[in-house]
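# Tertiary structure, described
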Amino acid sequence: MADQSVLPYSHIALSLLNDDPNFRHKTILRAKDRSVASVEIENLNRSIGNLEALESKLLQDLIGVRARLSSLQAQRSELQLRIAAVWTLPNEILSYIFEMGVLQQQEEGPPTPVDKANEKPVKPDFQVLVSHVSQLFRDVALHTPSLWTLVRVPDLTPRRLDYLRTFLGRSGSSSSLEIILDCVQCYPLEHDDIDTAMAMMVPHISRLRRFTARFDAFDAMHNVLKNLTRPAPLLEALELSLDCGRRFDETSAFEPSSLRAPLKLFDGHVPRLSALALDGVHVAWDQCNFQDIYDIHLGFHTHDVRPSWPVFKAIMDASPCLTILDLRGSAPIISSVPAEAFACTPARMESLMDMRISDISADYAANLISLFVAPNLQFLALTNLKNDDYSSLLDRIAGPPALFPNLESLKLSTVEANEDSVAALLHAFKTLKRLALHVREDQKSWLDLLVQSRADGELLCPKLEVLKCVGMEADSIKDMLQKRKIAGVPIPKLEIEDETAAWASHHTLKWLRSNTDVEIVEPSEFADDELSESGSEHWDSEDEQDFNHWSGIAPYLSFTFSDVDEGSEDDDDYDHSEMEEEVEEAHGGSEMEVDYTITDVSSGEEPS
């Protein structure tokens, strides 16, 4: 009896047999003689194996063809590059192009900060990149000392010390040097490492053109100072900065007391020095022979390490072209008693145009300002003068007679004084063109002083062109500007912080934009003082005293280099096969975001 379970599929089987003869034949054959089918399968497997072997051989041949094609393409690229115009340029022209490339990278702005924890700069330097393009480019770069004369050392690890050694070696023997030891927040910092770095630099002191050292502790700075004994005939800018968290009390004694004794720098021979910044670092003021200086910044010196007034005055007298004077938590020693202070001979500074005073006690500041005779002063900044009444300081400046009759720019930032003294100060300077006010809640009424009238009926500051405001409401600013506009003395430009703009109504902002040139800035940008016409840029944030932007030093130190490849004793014997590894090692193994195409003409390959 037939199996009933297959009956439902019988009609399908019959259909296949009837419709597909081949299927019928193969089916009958497979059922009839399985041994014949097995033999056929073996034959088919043998044929398939032969074809697979042939395919493998062809693939190998294809790989060889592709390798040969790649080689020929590389040779073609090399020949194309060799006949390119750049390879016909004299080495002197290539050297000049490389110098312009470095200069362009500098002009784009300060370098991206180095991640000190991982020692990975974000972007390599142009001179490093160009030295890895080809053997010719490398030879030219390594024999162009000017590409390697600005050395930035962000810490003193053995690897960084190798970079310092490499830079100094490649900078030649006649080119001037710029060295920046920026070792703030470098932990741990061993004194032996400082001694090693200084041992490398001391033989090159005669070539120093600009030198900067920044540390957290004075004992580390002292290790640097004690090595600066040789003459520096080319030195133009000197910055010695101590960052100790700004825990500063000018009335306290210097610590550590064992290092209080001042040191004489560069054997007193710095004939070209024009920019001096000493922040928390004192020296033998009367032995360093500071003269002909254009910019001076003194910051955060305790009373027992400050220069005496006669010594300070001698430096001023020896610097007739002094243009900028910045005293922040530091000043010459004078008596707090007015009668005794006035007994001192004033310092006459005919060329002084920019003066800044901050973080100095009230009585001291009032007596000190009276000893400065600066008839051509154009910019005055009084900042971070608090925890006391500085009205007497403003009164001394206002006179009569006014101490600085040609003043054009004035900045009052966090100054505690009564409104009458501020009014007298604004009344004294009829030629004032630029004014910056940073006030507290109880000082907002200072804004109303700009609509007060003088004795002749004219409003205060009639020539005011730029007003910068912090801590004031937009509506109050608008009301003041409206009144001045009606009086015929409008203020063309206004700068307000973003918080002021955020709280202002749409109508107020629309009026401000329609009637003045309004610029809305962030607080950090607001601290960047643009009122001065001396070409300098200053940062006056009380929370972050950043002396890197000090006017005298910043133009010299704004462009720095980060890492370079670790050079060998024989830089001329360059192995192109190691180029990619050398670039990667030179930059801490980090991924590099570069704007240049690096091509090794010997291999035609582009390293990542």
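Remember, it's a predicted structure, so these values are computed and weren't measured experimentally. (Residues numbered from 1 in each chain as written. Predicted model: local features only at pLDDT ≥ 70, side-chain atom pairs only at ≥ 80, totals over all residues. Heavy atoms only, no water.)

### Focus: the pattern of salt bridges
According to the stated counting rule, one finds 24 salt bridges in the structure shown. Between Glu178 and Arg209 there is a salt bridge, with its nearest N and O atoms 2.7 Å apart. Here the residue Glu178 occupies a position in strand β2 (residues 177-182), and Arg209 occupies one in strand β3 (residues 208-215), the gap between them amounting to 31 residues. Residue classification places Glu178 among the buried residues on the basis of a relative accessible area of 9%. Across the salt bridge formed by Asp182 and Arg214, the nearest N and O atoms sit 3.5 Å from each other. Placement of the pair is Asp182 in strand β2 and Arg214 in strand β3, with a sequence separation of 32 residues. Of the two residues examined, Asp182 and Arg214, each falls in the buried class. Through salt bridges with shared partners, one network takes in Arg152, Asp182, Arg214 and Glu239. (Salt bridge = Lys/Arg side-chain N within 4 Å of Asp/Glu carboxyl O. Helix = DSSP H or I, 4+ residues; strand = E, 2+ residues; numbered from the N terminus. Buried < 20%, exposed > 50% of the residue type's maximum accessible area, 1.4 Å probe, protein only.)

### Observations concerning the packing of aromatic side chains
Under the criterion given, the structure shown has 6 aromatic pairs. Centre to centre, the rings of Phe312 and Phe372 are 6.3 Å apart; their planes meet at 40 degrees, and the pair counts as tilted. Of this pair, Phe312 sits in helix α10 (residues 309-317) while Phe372 sits in strand β10 (residues 372-373), and the two are 60 residues apart along the sequence. Comparing Phe312 with Phe372, the two get one shared label, buried. (Phe/Tyr/Trp six-rings, centres within 6.5 Å; stacked < 30°, edge-to-face > 60°.)

### Re the nonpolar core
Core analysis: the largest hydrophobic core is formed by 135 residues, its most contacted members being Phe211, Leu240, Met355, Phe372, Leu382, Phe404 and Leu426. Per-element accounting of this core gives the leading share, 6 residues, to helix α12 (residues 362-369). Leu426 has contacts with Leu410, Leu432, Leu435, Leu449, Leu450, Leu460 and Cys461, leaving out every residue within four places of it along the chain. (Core = buried A, V, L, I, M, F, W, Y, C linked by side-chain atoms within 4.5 Å. Contact = heavy atoms within 4.5 Å.)

### Considerations on unusual backbone geometry
In this chain, Gly399 is followed by Pro400 through a cis amide linkage whose omega measures 10 degrees. Omega for the bond connecting Pro400 with Pro401 falls within 30 degrees of zero, at -10 degrees, which places this linkage in the cis form. Checked against the element boundaries, Pro401 lands in the loop between α13 (391-398) and β12 (409-415). In this structure, Phe266 is a non-glycine residue whose phi angle is positive, near 55 degrees. With relative accessibility at 2%, the residue Phe266 sits in the buried group. Despite not being glycine, Asp292 shows a phi value in the positive range, around 55 degrees.

### Let's talk about a negative patch on the surface
Together, Asp363, Asp388, Asp389, Asp395, Glu419, Asp420, Asp448, Asp475 and Asp479 line one region of the surface with negative charge. One can find Asp388 in the loop between β11 (379-385) and α13. (Patch = residues over 30% accessible without salt bridge, like charges linked within 9 Å, V, L, I, M, F, W, Y side chains within 5 Å. Areas by Shrake-Rupley, 256 points an atom, 1.4 Å probe, with all protein chains shown as cover. Lys, Arg positive; Asp, Glu negative; His and termini not counted. Charge placed at Lys NZ, Arg CZ, Asp CG, Glu CD.)

### Brief notes about empty space enclosed by the protein
This structure, assessed with the given rule, holds 7 cavities of 30 Å³ or more. Taken together, Leu276, Trp285, Phe290, Ile296, Leu298, Pro307, Phe312, Ile315 and Met316 make up the lining of the largest cavity. Put simply, the parts of the chain that give the lining of the largest cavity at least two residues each are β6 (295-299) and α10. The biggest single contributor to the lining of the largest cavity is α10, with 3 residues. Residues that form the lining of the largest cavity fall into these classes: 9 nonpolar, no polar and no charged. (1 Å grid on protein atoms, 1.4 Å probe; cavity = no way out; pocket = protein on both sides within 12 Å on 5 of 7 lines; lining within 4 Å. Points joined across faces, edges and corners; volume = space filled by probe spheres on them. Nonpolar A, V, L, I, M, F, W, Y, C, P; charged D, E, K, R; others polar.)

### Considering the environment of Ala417
Topologically, Ala417 is positioned in the loop between β12 and α14 (419-428). Owing to a relative accessible area of 16%, Ala417 belongs among the buried residues under this scheme. Sequence spacing of Ala417 and Ser392 is 25 residues, and the spatial spacing of their C-alpha atoms is 8.3 Å. When sequence neighbours within four positions are dropped, the list of residues in contact with Ala417 reads Asp389, Tyr390, Ser391, Leu394, Gln443 and Trp446.

### Here's the deal with α14
What α14 keeps buried is the set Ser421, Val422, Ala423, Leu425 and Leu426. Structurally, α14 contributes buried residues whose contacts are with α13, β12 and β13 (434-438). The N-capping residue of α14, defined by a side-chain oxygen 3.2 Å from the backbone nitrogen of Asp420, is Asn418. (Polar contact = N/O pair within 3.5 Å; in protein donor to acceptor, adjacent residues only side chain to side chain.)

### Things to note about the pairing of β3
In terms of burial, β3 is largely enclosed, as 7 of its 8 residues are buried. Strand direction decides the pairing type here: β2 and β3, joined by 6 bridges, are parallel. Paired with Ile180 across the bridge in β3 is Thr212. Regarding topology, helix α8 (residues 191-201) serves as the crossover connection from β2 to the parallel β3, and that connection is right-handed. As judged from the 6 bridges shared by β3 and strand β4 (residues 237-242), these two strands associate in the parallel manner. If you follow Ala213 over to β4, its bridge partner there is Leu240. For the handedness criterion, the β-α-β arrangement of β3, helix α9 (residues 218-225) and β4 is classed as right-handed. (Pairing = 2+ DSSP bridges. Right-handed = clockwise from strand over helix to strand, strands pointing away.)

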